[in-house]
Amino acid sequence: MTAPDEISIGGHAAAISARLDRLPTTRYIWRLVLLLSLGGCFEFYDLFLMTYIGPGLVRSGLFSSASSSFFGLSGLASFVAATFAGLFIGTLVFGFAADRFGRRAIFTYSLLWYTAGTVVMACQGTTAGILTWRLIAGVGIGVELVTIDTYIAELMPKEIRGRAFAVNQVVQFTAIPVVALVSWLLVPLAPLGIDGWRWVVLLGSVSAILVWFIRRGIPESPRWLIARGRLADAERAIGQMEARVARESGAGLPPAEARFAAEAPAGARPDAPVRFVRIFRPPYLNRTLMLTVFQLAQTIGYYGFSSWVPTLLIAAGIRTTASLRYSFVIAIFAPVGPLVAQGVADRFERKWQIVWSAICIAGFGLLFARQHSPAWLMVLGVALTCSNNWMSVAFHAYQAELFPTPVRAQAVGFTYSWSRFSAIFTSLMIGFVLKNFGVGGVFALIAAAMLTVVVAIGAFGPRTGGLALESISH
């Protein structure tokens, strides 16, 4: 028999969830997505700068372009590996932070953490110093990206959740052409006698100036508050959101249809521990295992290309300076994938969007490996980038929908961390395969990884599209 406290809290959770899901999509709702996405922009800038400052790191003598051995630390692959080692620690070890301390607080402090780490890294003069501080900065990036996914999933009405993730990805991916352009202009130079790659890194640190302004415009997640037993705070947060939406829409809000969902355990308190082990029990165990396999494989396709664009172009016969220019052209189209995905994000089941995008990545990659013409390399590079980012939109929404609010950030962090773990070895693997088997070997590896994605998601992934978070999670 269900305890009275559980009924009370579960009823409040269902009511607040229903009130969120019935909100019309006014300017205020999209403003929340924009503010969260702007925070993610700085992470994406920092995450992808490893792709574009690589030639500068090599030219400065701090790294070599290829690894002398699989685990060699002198190769550029070690810089990429250090990034993902930090991301792995951030998502796996500190994924609990947003569930314990709140989405809003962790969104802010993880952004400041990575900014500080990045500034210190830019001032390092040794390979060991750069790798150490790159890893530290990566921890902050990992926590931030998990928090943003969770935040958007919980604040957005169910009818636009897919589009909200698409807009989020469009905004965040605009950072890629920015860092590509800045790298193209600065990496070959040394303004004021300082290596151009250091300037590229430091330019991303302006996030520390903007973070407090972004934070002030975002409410705490009412779903998280109710899951922590903070009924009054949850009511206040949802009430403020409803007032803003009603004022902008100029009409009364539609009625909310709530169904019981026990989002919090009986007698939940603001300081109550969240039971992470829930994701290793039915019905979540199968989802956890399926997403873990997916994350281990998808990273090979995504970062196997995006983190190595200039280097792969050089291996295909393009000069270093020209490779940065072509990489910038490819990067311009990074937001196009999510922009196109916005039109289908809530119309088609997310699992099948992941499957078809994986097929596109494999096909375009194998074609890319056979090209030597700059024009075709750019065309296929753009197609690969758009396919990768289409997959990104679909799976970021998908994974957040598969788990309940009390453990959502931890669950997403745990499963997402395996993509970061995979990427540590992916970077080393790509460098090794590129040296020994060429561009064709790299894309054969990517195609095999995408086949794994197709099987994992297509055969074992549950359907989620168009359902409320509580309907999916319980």
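As the structure is a prediction and not an experimental result, all values here were calculated from the model.

Peer 1: Got a minute to help me understand helix α4 (residues 76–93) in this structure?
Peer 2: Since the α-helix turns once every 3.6 residues, residues separated by three or four places project in the same direction. Its 18 residues place the ends of α4 26 Å apart at the C-alpha level, agreeing with the 26 Å of an ideal helix rising 1.5 Å per residue. Counting buried positions along α4 yields 15 of 18 residues, so the element is predominantly enclosed.

Peer 1: I'm lost on the side chain of Asp149 in this one. Help?
Peer 2: Along the polypeptide, Asp149 turns up in helix α7 (residues 127–155). Summary of buried charges: Asp149 has no salt-bridge partner, and the nearest side chain of opposite charge, Arg420, is 7.9 Å away. Beyond its immediate sequence surroundings of up to four residues, Asp149 is in contact with Phe165, His396, Gln399 and Ala400.

Peer 1: Help me understand a nonpolar patch on the surface in this model?
Peer 2: A grouping of Leu92, Val93, Phe94, Phe96 and Phe101 is seen on the molecular surface, where their side chains present a nonpolar patch of about 430 Å² in accessible area. Elements that contribute at least two residues to the nonpolar patch include exactly α4 and α5 (96–101). Within the secondary structure, Phe94 is located in the loop between α4 and α5. Relative accessible area serves as the criterion here: at 34%, Phe94 is assigned to the partly exposed category.

Peer 1: Please explain the pattern of salt bridges as it appears in this structure.
Peer 2: Per the counting criterion, the structure on display carries 14 salt bridges. Residues Arg103 and Asp99 are paired through a salt bridge, measuring 2.6 Å at the closest nitrogen-oxygen approach. Classification of Arg103 by relative accessible area gives buried; the value is 0%. Between Glu154 and Arg408 there is a salt bridge, and its shortest N-O distance comes to 2.9 Å. Pair noted here: Glu154 is in helix α7 and Arg408 is in helix α20 (residues 408–460), with a separation of 254 residues, a long-range link.

Peer 1: So what exactly am I meant to see when it comes to the side chain of Ser17 here?
Peer 2: Within the secondary structure layout, Ser17 lies in helix α1 (residues 4–21). Of the polar contacts made by the side chain of Ser17, one reaches the side chain of Arg223; its length is 2.7 Å.

Peer 1: Explain the environment of Trp197 here, please?
Peer 2: Position of Trp197 among the secondary structure elements: in helix α10 (residues 196–203). Exposure remark for Trp197: the relative accessible area of 1% places this residue in the buried category. What Trp197 contacts, discounting residues up to four positions off in sequence, is Ile53, Gly56, Leu57, Ser60, Leu62, Met121, Ile130 and Val187.

Peer 1: I would appreciate a short explanation of the confidence of the model for the chain in the present structure.
Peer 2: The predicted coordinates of low-pLDDT regions are not to be read in fine detail. Per-residue confidence for the chain gives a mean pLDDT of 81; residues scoring 70 or more make up 85%. Across the chain, helix α18 (residues 350–368) holds the top mean pLDDT of 92, while helix α21 (residues 469–473) sits lowest at 48. Segment residues 260–274: pLDDT under 50, and 47 contacts once partners within four positions in sequence are set aside and those in other chains are kept.

Peer 1: When you look at unusual backbone geometry in this model, what are you seeing that I'm missing?
Peer 2: Excluding glycine, residues mostly carry a negative phi; peptide bonds, for their part, are mostly trans. A cis geometry characterises the amide bond from Pro282 onward to Pro283, with omega recorded as 5 degrees. Residue Leu192 is not a glycine yet carries a positive backbone phi of 60 degrees. Position of Leu192 among the secondary structure elements: in the loop between α9 (175–186) and α10.

Peer 1: Teacher, can you tell me more about the environment of Gln240 here?
Peer 2: Along the chain, Gln240 falls in helix α13 (residues 231–249). C-alpha of Gln240 to C-alpha of Pro219: the two residues are 21 residues apart in sequence and 8.7 Å apart in space.

Peer 1: Please clarify how the packing of aromatic side chains should be interpreted in this entry.
Peer 2: Given two aromatic rings, their pairing is described by the distance between the two centres and the angle made by the two planes. Counted according to the given criterion, the structure contains twelve aromatic pairs. A ring pair is formed by Tyr284 and Phe403, whose centres lie 6.3 Å apart and whose planes are at 40 degrees; its orientation type is tilted. Here Phe403 lies in the loop between α19 (374–401) and α20 and Tyr284 lies in helix α14 (residues 284–306), a separation of 119 residues in the sequence. Its relative accessible area of 7% is what places Tyr284 among the buried residues. A centroid spacing of 5.4 Å and a plane angle of 75 degrees characterise the contact between Trp418 and Phe421, whose relative ring orientation is edge-to-face. Placement of the pair is Trp418 and Phe421 together in helix α20, with a separation of three residues, close to one helical turn. Positioned above the aromatic ring of Tyr416 is the side chain of Arg420, whose terminal nitrogen or guanidinium carbon lies 4.2 Å from the ring centre.

Peer 1: Would you explain α13 in this entry?
Peer 2: Taking 1.5 Å per residue, 19 residues should reach 27 Å; α13 reaches 27 Å between its end C-alpha atoms and fits that length. All buried positions along α13 are accounted for by Ala234, Ala237, Ile238, Met241, Glu242 and Val245. End-on, the buried residues of α13 take up no more than an arc of 130 degrees, which puts them together on one face. Those residues of α13 that are exposed and angled more than 90 degrees off the buried face are Ala232 and Arg247. With its phi angle positive at about 70 degrees, Gly250 sits one or two positions after the end of α13.

Definitions and cut-offs
Residues numbered from 1 in each chain as written. Predicted model: local features only at pLDDT ≥ 70, side-chain atom pairs only at ≥ 80, totals over all residues. Heavy atoms only, no water. Helix = DSSP H or I, 4+ residues; strand = E, 2+ residues; numbered from the N terminus. Expected span 1.5 Å × (residues − 1). Buried < 20%, exposed > 50% of the residue type's maximum accessible area, 1.4 Å probe, protein only. Lys, Arg positive; Asp, Glu negative; His and termini not counted. Salt bridge = Lys/Arg side-chain N within 4 Å of Asp/Glu carboxyl O. Contact = heavy atoms within 4.5 Å. Patch = residues over 30% accessible without salt bridge, like charges linked within 9 Å, V, L, I, M, F, W, Y side chains within 5 Å. Areas by Shrake-Rupley, 256 points an atom, 1.4 Å probe, with all protein chains shown as cover. Polar contact = N/O pair within 3.5 Å; in protein donor to acceptor, adjacent residues only side chain to side chain. pLDDT = per-residue confidence, 0-100. Phe/Tyr/Trp six-rings, centres within 6.5 Å; stacked < 30°, edge-to-face > 60°. Lys NZ or Arg CZ within 6 Å of the ring centre and 35° of its normal. Arc of directions from axis to C-beta.

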